[in-house]
There are 2 protein chains.
Amino acid sequence: MAVTDIATRAYDHTFRLDPIVRSLLDTDFYKLLMLQMIRQLHPDVQATFSLINRTTRVRLADIIDEGELRAQLDHARNIRFTKKELIWLAGNSFYGKARMFGPDFIAWLADFRLPEYALHKADGQYELHFSGPWTHTTMWEIPALAIINELKSRAAMRNRGQFTLDVLYARAKARLWEKVERLRHLPDLVISDFGTRRRHGFLWQRWCVEALKEGLGERFIGTSNVLLAMDADLEAIGTNAHELPMVAAALAEGDEALARAPYEVLEEWRQHYNGNLLIALPDAFGTASFLANAPNWVADWTGFRPDSMPPIEGGEQIIRWWRGKGRDPRSKLLIFSDGMDIDSIEETYRHFQGRVRMSFGWGTNLTNDFRGCDPDGGTGLDPISLVCKVTSANGRPAVKLSDNPLKATGDPAEIERYRRVFGVSGQDARPVDV
Amino acid sequence: MAVTDIATRAYDHTFRLDPIVRSLLDTDFYKLLMLQMIRQLHPDVQATFSLINRTTRVRLADIIDEGELRAQLDHARNIRFTKKELIWLAGNSFYGKARMFGPDFIAWLADFRLPEYALHKADGQYELHFSGPWTHTTMWEIPALAIINELKSRAAMRNRGQFTLDVLYARAKARLWEKVERLRHLPDLVISDFGTRRRHGFLWQRWCVEALKEGLGERFIGTSNVLLAMDADLEAIGTNAHELPMVAAALAEGDEALARAPYEVLEEWRQHYNGNLLIALPDAFGTASFLANAPNWVADWTGFRPDSMPPIEGGEQIIRWWRGKGRDPRSKLLIFSDGMDIDSIEETYRHFQGRVRMSFGWGTNLTNDFRGCDPDGGTGLDPISLVCKVTSANGRPAVKLSDNPLKATGDPAEIERYRRVFGVSGQDARPVDV
């Protein structure tokens, strides 16, 4: 006879909330690295982060119940870093370095909580803004995205039978494992999980991370998700994000300061971190402009993370630039993380093999590829292109151009000004799927 | 924090045996139908059933531990029909008929237990014989096969990590569901599970049956497994097996009686059952001979289950015979059950659609298709062609010729005699995969 743990069953049937965010460590590692620097250098900057759904055909406000969304956001606001988590952050080595986070920062985190949010519906979408000190609003990016993406998944799976769900996950597992088996054919592969923000759900991301750990061995170097890194004894992976140059640019007084801003940010970063953390994002305001105007010392950095150009084109451009600066690309690192999937990983790997060090940050197509897996059909589980971007700093509009104008964000007039200052060479519109 | 039911965990870690056969109803329905008749007409016949592994390259005695095998066989011998099971057998309708099993038979079942077995190893194989009253030894066929097949699966999965097993079953589920989705394109499909004897395992068969129930709706008419039929409120499916003509032939005195035996068996069956249970197996000693010499009344039967000839060839042969007897095949039923899988089901369905009533009994390739599913590779989970056949009756050798000489069983000298009596026209050797 089946043994039923009555207490567990009763608990499962009566709990108020199935929380999506279970810990403040359930975020990307780069948020903590950036936060430590922001707190030290820019503690008084006010920044607003805003949700942007680039997949406008998916009307999130029609799909996700507002009450559920508020309950999940409120739940996240009630979470604190636990003692265990802070001890781990203080005591663990990251990128081979002990005491990456200073005691002062760790002590400050103990009192940290996510700030308030402003939510309302408009045109079938959610407007969701986080306003306040940059040191606090920055931490909403990943949990906000994870919450909305998982609520969307849950909505798509509501009222499905147990059997349908069983087949759904069986298919998704089989699919991911096919990808793992293909990746095994790339002997020098270096890959990590970047899929927290876009994940189908927390438990599914955990499964995906376990799959890569089990299937790729040493080739899987870790996860951007700090909680999963801690729980699975993996490396926490990540460096910095577009918000640094975006805020710096927003705060710059005049066009000349604006043009200098992307490099000043790197100077700040270099004061805090070194080695494999010296990875520059070249595309915030266009890669071509960034490289053309970069000071020579940028070529001393370990590498780049091209994030909005096709990987081979973006990589070749950077390799040409390194060569122009007299550097050997084989000692340099390229991190590819823009909508990668098995085909583009294989193609990029084979293209650059032996010519440059490479690493792949695998996001949406790792942790949210349920396309065609639903036995009942439909596209409700397809991933969408949802981001949470800084939209203003100290009341001034923040802008991102990127190499793909379809990924540009910000006030249109400011975008025009940035285009004038940085130029638009190398800009090319390509569909943004994820 | 994870909730652990300590009592369950302790039980799981300490149980002496994970039983493969959980109930005497965990057998094929036709065994019960035949048993009722055997008990009434042939209560004194002694019959030996023997295990035959036609996949000789798989050395079962090297794979399966003898102690485990004995423990499972011994466990099965300790099982009795429960009150609930007997009440269900007595009260349920089968093939639309109430009281299929008489009260006398039900009362007799209450004392039934599986008889002794003789087991030893030879040449890397197990010799396993069941000798005793036919009324008892016949009931070993299905549990013996299910036990050996599941022990083989367990051996292949021993020491695998939890993750490997997770991917293994995910792939098998995804594969079966692809088959289900293809079967959905066949609007008039009639299909049932015949996979008990060859199943990967009991729990997996149960999942497969649930998959067909969920995915095929009315097209899935039931399962040959009586326990699953009871538990899932499905129809129990099945009629009769080769052991009836084989025993009758073995007991026949002289060649003339031998030639008559296959038809006398049908006469006996007809005294007990009717309607959709009037299904004849034509191939025990060759279909061509059976049809050529069949009395006219055989054409009154509902249909045939061709079981060792390619389905289209076998079906066409029977349709021609029905036409020769002036019968309309559209009122007749063909049941295809020999190693069917998705391709051959589709092909056979499309070939005969509108020309004859059809039903498919899906066995090994439903409940044991793990080929290529093992993340660690290897063929340990591939199904094998294992049967448990009657080998003697009252001390005289029992023989099966079949339409495929590679499926013939029995004493070589007797096989030669049977070939002489029944002829060998239509015999054609084809590889026996499952």
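Residues numbered from 1 in each chain as written. Chains lettered and ligands numbered in written order. Predicted model: local features only at pLDDT ≥ 70, side-chain atom pairs only at ≥ 80, totals over all residues. Heavy atoms only, no water.

Looking at an unreviewed UniProt entry, one finds chain A named Nicotinate phosphoribosyltransferase and attributed to Shinella fusca. What UniProt records for chain A under Sequence similarities (unreviewed entry) is the sentence "Belongs to the NAPRTase family." Taken from UniProt, the Pathway (unreviewed entry) comment for chain A reads in full: "Cofactor biosynthesis; NAD(+) biosynthesis; nicotinate D-ribonucleotide from nicotinate: step 1/1." (UniProt positions renumbered as here; feature names shortened; annotations may be inferred.)

Draft legend 1. Fine view of the UniProt feature "domain: Nicotinate phosphoribosyltransferase N-terminal" (unreviewed entry) in chain A. When the UniProt feature table is mapped onto this chain, "domain: Nicotinate phosphoribosyltransferase N-terminal" (unreviewed entry) is found at residues 25-149 of chain A. Secondary structure over residues 25-149 of chain A splits into 46% helix and 18% strand, and the C-alpha atoms at its two ends are 18 Å apart. (Helix = DSSP H or I, 4+ residues; strand = E, 2+ residues; numbered from the N terminus.)

Draft legend 2. Expanded view of the interface of chain A and chain B. Residue-level contacts link 20 residues of chain A with 20 residues of chain B. In total, chain A and chain B occlude about 1,800 Å² of area from one another, counting both sides; carbon and sulfur atoms represent 59% of this. Joining chain A to chain B, the criterion identifies six salt bridges. Put simply, Glu 181 of chain A and Arg 171 of chain B hold a salt bridge, and the shortest N to O gap is 3.0 Å. For the side of chain A that touches chain B, the secondary structure elements donating two or more residues are helix H9 (162-183) and helix H10 (202-216) of chain A. The greatest single-element share of the side of chain A that touches chain B, amounting to 11 residues, is contributed by H9 of chain A. Considering only residue class, the side of chain A that touches chain B consists of nine nonpolar, two polar and nine charged. (Contact = heavy atoms within 4.5 Å. Buried area = accessible area lost by both parts, 1.4 Å probe. Salt bridge = Lys/Arg side-chain N within 4 Å of Asp/Glu carboxyl O. Nonpolar A, V, L, I, M, F, W, Y, C, P; charged D, E, K, R; others polar.)

Draft legend 3. The arrangement of the pattern of salt bridges in detail. Counted by the stated rule, this structure contains 72 salt bridges over all chains. With a closest N to O distance of 2.7 Å, Glu 346 of chain A and Arg 182 of chain A form a salt bridge. Taken as a pair, Glu 346 of chain A in helix H16 (residues 342-352) and Arg 182 of chain A in helix H9 lie far apart in primary sequence, 164 residues in all. Taking the relative accessible area as the measure of exposure, Glu 346 of chain A reaches 12% and is therefore buried. Arg 182 of chain A sits in the partly exposed class, given a relative accessible area of 33%. Among the salt bridges present, the one from Arg 70 of chain B reaches Glu 66 of chain B, with a minimum N-O distance of 3.0 Å. In this pair, Arg 70 of chain B and Glu 66 of chain B are both assigned in helix H4 (residues 66-77), four residues apart and thus about one turn of the helix distant. Linked through salt bridges whose partners overlap, the residues forming this network are Asp 28, Lys 31, Glu 141, Arg 197 and Glu 243 of chain A. (Buried < 20%, exposed > 50% of the residue type's maximum accessible area, 1.4 Å probe, protein only.)

Draft legend 4. Seen up close, the UniProt feature "modified residue: Phosphohistidine" (unreviewed entry) in chain A. As recorded in UniProt, the feature "modified residue: Phosphohistidine" (unreviewed entry) lies at His 242 of chain A. Turning to its location among the elements, His 242 of chain A is positioned in the loop between strand S6 (235-236) and helix H12 (243-251).

Draft legend 5. Inspection of helix H5 (residues 83-91) of chain A at higher detail. Residues and elements named next belong to chain A. Within the span of H5, buried status applies to Glu 85, Leu 86, Trp 88 and Leu 89. When H5 is viewed along its axis, its buried side chains cluster within an angular range of 160° and face the same direction. What points out from H5, more than 90 degrees from its buried face, is the exposed set Lys 83, Lys 84, Ile 87 and Gly 91. Tucked into the core, H5 has its buried residues touching helix H2 (29-41), helix H6 (103-109) and helix H11 (226-231). (Arc of directions from axis to C-beta.)

Draft legend 6. Broad picture of the relation of the copies chain A and chain B. Mapping chain A onto chain B is achieved by rotating through 179° and translating by 0.1 Å along the same axis, at an RMSD of 0.0 Å. Interpreted geometrically, this transformation is the action of a two-fold axis. Rotation axis and chain A: the residue whose C-alpha lies nearest the axis is Ala 170 of chain A, separated from it by 2.0 Å. (Least-squares fit on C-alpha atoms with pLDDT ≥ 70 in both.)

Draft legend 7. Local environment of the pairing of strand S3 (residues 125-133) of chain A. All names here are of chain A. As defined by bridge partners, strand S1 (residues 46-53) adjoins S3 across five bridges and the pair is classed as antiparallel. Opposite Ser 50, over in S3, you have His 129 as the bridge partner. Inspection of the sheet shows strand S2 (residues 118-122) paired to S3 by five bridges, in the antiparallel sense. If you follow Ala 118 over to S3, its bridge partner there is His 129. Between S2 and S3, which follow one another and run antiparallel, lie two residues, and Asp 123 among them has a positive phi close to 55°. (Pairing = 2+ DSSP bridges.)

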